[in-house]
Amino acid sequence: MEERYDPAALEAAAQKRWRDARAFEVTEDPSRRKFYCLSMFPYPSGKLHMGHVRNYTIGDVLTRYHRMRGCNVLQPMGLDAFGLPAENAAIQNNVPPAKWTRENIAYMKQQLQSLGFAIDWTREIATCDPDYYQWNQWLFLQMLKRGIAYKKTQVVNWDPVDQTVLANEQVIDGRGWRTGAPVEKKEIPGYYLAITRYADELLADLDRLDGWPERVRTMQANWIGKSTGVRFAFPYELDGKKELLWVFTTRADTIMGVTFCAVAAEHPLATHAAKNNPKLAAFIDECKRGSVMEADIATMEKQGMPTGIFVTHPLSGEKIPVWVGNYVLMGYGEGAVMAVPAHDERDFYFAKKYNLPIKQVIDWPGRRQSPPIPPLQKGGGAAGGFSDAWHEWYADKDGVCVNSGRYDGMSYRTAVDVIAADLKKKGLGDKQVQWRLRDWGISRQRYWGCPIPIVHCERCGDVPVPDHQLPVVLPEDCVPDGSGNPLNKRKDFIKCACPKCGKAARRETDTMDTFVDSSWYYARYACPDNDRAMVDKRVDYWLPVDQYIGGIEHAILHLLYSRFWSKVMRDLGLVRYGEPFSNLLTQGMVLNHIYSRRTGKGGIEYFAPEEVEPRHDDDGKITGAVSKADGRPVDYQGMGTMSKSKRNGVDPQALIEKYGADTARFFIMFASPPEQTLEWSDAGVEGAHRFLKRLWTFANASKTSIDLVLKNEQKYANFFKAAGGAHPAVLREFHLILKQINFDISRHQFNTVASGTMKMLNALEGAAGLGSVEASLFIRKEGLKFLLLTLSPICPHITDHLWRELGYGDDILKAPWPEPDEEALKQDEIELVLQVNGRMRGSVRVAADADRAAIEAAALAHEAARRHTAGLTVKKVVLVPGRLVNIVAG
RNA sequence: GCCCGGGUGGCGGAACAGGUAGACGCAAGGGACUUAAAAUCCCUUGGGGGAAACCCCGUGCCGGUUCGACUCCGGCCCCGGGCACCA
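What this report covers is the structure whose coordinates are included nearby. (Residues numbered from 1 in each chain as written. Chains lettered and ligands numbered in written order. Predicted model: local features only at pLDDT ≥ 70, side-chain atom pairs only at ≥ 80, totals over all residues. Heavy atoms only, no water.)

A look at the protein's contact with RNA strand B
Around RNA strand B sit 77 residues in total, of which Asp80, Arg444, Arg446, Ala671 and Asn886 are the nearest. Side-chain polar atom of Gln445 to a base nitrogen of RNA strand B: 2.6 Å apart, as the coordinates give it. Asn751 has a polar side-chain atom sitting 2.9 Å from a phosphate oxygen of RNA strand B. Residue contributions to the surface near RNA strand B peak at six residues, all from helix H23 (residues 750-766). (Near = heavy atom within 4 Å. Polar contact = N/O pair within 3.5 Å; in protein donor to acceptor, adjacent residues only side chain to side chain. Helix = DSSP H or I, 4+ residues; strand = E, 2+ residues; numbered from the N terminus.)

Overview of helix H12 (residues 412-425)
Residues spaced three or four apart along an α-helix point in a common direction, a consequence of the helix completing one turn every 3.6 residues. For H12, with 14 residues, the first-to-last C-alpha span of 20 Å sits near the 20 Å given by 1.5 Å per residue. Where H12 is concerned, the buried positions are Tyr412, Ala415, Val416, Ile419, Ala420, Asp422 and Leu423. Viewed along the axis of H12, the buried residues span an arc of 160°, placing them on a single side of the element. Residues of H12 that are exposed and point more than 90 degrees away from the buried face comprise Arg413, Lys424 and Lys425. Next to the buried residues of H12 lie strand E10 (226-238), strand E17 (400-401) and strand E18 (429-435). Looking one or two places after H12, you find Gly427, whose phi comes out positive at around 70°. (Expected span 1.5 Å × (residues − 1). Buried < 20%, exposed > 50% of the residue type's maximum accessible area, 1.4 Å probe, protein only. Arc of directions from axis to C-beta. Contact = heavy atoms within 4.5 Å.)

So, the packing of aromatic side chains
Per the stated rule, a full pass over the model turns up 36 aromatic pairs. Between the aromatic rings of Tyr56 and Phe117, the centroid separation amounts to 6.3 Å while the plane-to-plane angle is 75°, which identifies the pairing as edge-to-face. Linking Tyr56 in helix H2 (residues 50-68) with Phe117 in the loop between helix H4 (97-114) and strand E4 (125-126), this pair joins segments that are 61 residues apart in sequence. Note on accessibility: Tyr56 and Phe117 belong to one class, buried. Measuring from ring centre to ring centre gives 5.4 Å for Phe260 and Phe350, while their planes differ by 25°; the resulting arrangement is stacked. Of the two residues, Phe260 sits in strand E12 (residues 260-263) while Phe350 sits in helix H11 (residues 345-353), which places them 90 residues apart along the sequence. (Phe/Tyr/Trp six-rings, centres within 6.5 Å; stacked < 30°, edge-to-face > 60°.)

Focus on helix H7 (residues 214-224)
If you check which residues of H7 are buried, you get Val216, Arg217, Gln220 and Ile224. For H7, the arc enclosing every buried residue in end-on projection is 100°, short of the 170-degree limit, so these residues lie on one face. Residues Glu214 and Asn222 are exposed on H7 and point more than 90 degrees away from its buried face. On its buried side, H7 packs onto helix H6 (199-204), E10, E18, helix H17 (557-571) and strand E27 (584-587). Backbone geometry just after H7 places Gly225 at a positive phi near 55°.

In structure tokens:
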């Protein structure tokens, strides 16, 4: 055995052994319980970062743990290879995205392999391979046939200088990231997937996902956003024609408080009104500027302008003015809203800003008296002397209607029912269920993605590419230059024959959202070699995924799209499951500082933390930085998730090279529990490495002892039984730690699993010099065995090596996971915490089976208890069995 | 702005179903070994008072429930994630 711990050599040897033995290649075996353990595949950004190490180590720990539990475990890996960063790299370095991506894949795969993950690499997939994405295209066409995929217009961020569509990420404060030009909204056609058809099922099935974190289920439920309300119309006349302005509201009980309506800038009513109103037309143009992001829209200044058009209130017959509001979106609901400024915060501020009337129609009897509504003045009633007291009641539904004619006195529920019925009678509305969820727009005006298999023919229209012509292969030699999709310049790609009429036609150049790629890759891992079908019956064995692990940032979109896609595949008869992931572990993100600077053009550039010198305030908080390269100031953006685009990733390579994979794995598991956000710092890596060195040294020194014990285990077990003294307590400690480790692994708290293994080593070192030599040797053999077994999922290389070297067996991969021995955990006497009035004052030792009277007597007799109860009357004694006794005195 | 999380020593974190706050580490200080350094090992380490026994304070802030609150409830502040074209 080597004297010195040399992770590089040892890890390479272990990995070679696993590779030669094909240790992690698995096949379907109906006789064994299967366990499909999957980590979200990485985007091949160039190098792994700590978030990847964290994600894949968690997955690997679970994989190895379940193997030891006897499961047939599949852990595959692949690459989410299409996406925007490849195009950005192309712009910067003039290299084709395909080349850049494939080079990154090769490097990252080698990095992943050096970490020793128990991955079945024979199943590797990359979403940029036609073998994979042809099935995106095929399924898209299946959806198109069934109307699940369809075409409509979409609103995108438009950079008027580069003449290109911008991703939300490329819009910085309403401006294009490269040009600095103010972004405009633009309507273009695109394909959508009707995820809303599945809204009910996607919501209902959340209840069945009890292996998912509650917070993810809550987020998804809120995102789907089922709300029951009333859809109704305000009649109006336009050029002598009768028209209806439709709106949706969840607060129909406030309908009598409507004092104006607001429509989106793109609403037909607004368009019509602008025809003879240049000021309004200019305002509508203004509204069309800015980004399409919800966060931008929600936080921007609410603005509006009257259209001059009035509609009729469907119940009161009042004339209601219609405004154009920049906060009303054409894509949501009807593109128009009723406004009740007295009972809606946004409407209230809008009304105040434009001096629109406010009419209270809900009151809260028994609550604070409502403020009086001042009489309307010319130009509006909201100004001056007006109280905002009902702010605190905005969301409440427990008031009753007032100032509402025949609805006065009605509760929320009654009022909504009666008002809906009245509207229905007039043919102007009804109750309706509305969803926040919108259909999924998948068209991207980008090059590096899966081509949408459609041909545009002047005669036949949009024609689907027939199955036998699939895949539509993306040419891989294009280099985007920032001015739009380079496919548009590729005549050889665009020019094609119409599949229907055979005449010359134009191929669609939009590609698919990369979320399409990641919506079903987990199924393809079961049958990556099938070139005739998207999936086959092997999927029935492996799916659904038993444990899915990935960043919390995917809590909504990726996971929801995958759930939707599964249900579509199920309805097409392709798979049997409706939910793809039985258990989900959402890893917290690994954060690092973000530094950026505005470029001359008004764009933005990011600096890696090692490229700047941070500046601190008196509290030690970072306020800014200067670039080490040019000495000029750099802005501090705070902490954020490690990403390629923000340049704040930390490459684990240096860590692996200096300390080895086991140290890197141990450290990242030890640093914090997996679901928690982790602000990156490598302080503490030394400690993890020191632990493994200590383990190495201790095992080295124990070899002859363990040889001895293993040759005659029974003899040493007898010695142990006979020895007594401190020995049972030491063995008990190991079983206690083991019990805790088992519990912690079951709840995925790997940091305390790691610290448990450290405690075991501490206990082993502490027990080295105990009385009976034979009994000590027995404990050492037992303890070290537990230590190696429980450490092996986290640090598979060193444990693999030591297991063999110490003679425990020929392969730790085949060893079963250890269970604590309840017999060893028993004890005759226990220690109870002694409290007086809830404050700890000492402890009492009592027999393990002592009854309440005996414990109370022991507690009251305790010196500290007597001291703290002196002069007081004991009122009661609270006893928590096995834990504490609390004397309540006063 | 809306939805979802989080906040505990100098730092990462522990405390399992309301029951000993600070496990296990890092860093720091002191010591041993060494010609010296590295490595390794031992000791100390939340704050305050005290010679000590021991006592007081302490889990973002304010208030509440309880014999007892990091844990439960109400309100606030700060940080992170998501908001549909980053993945």
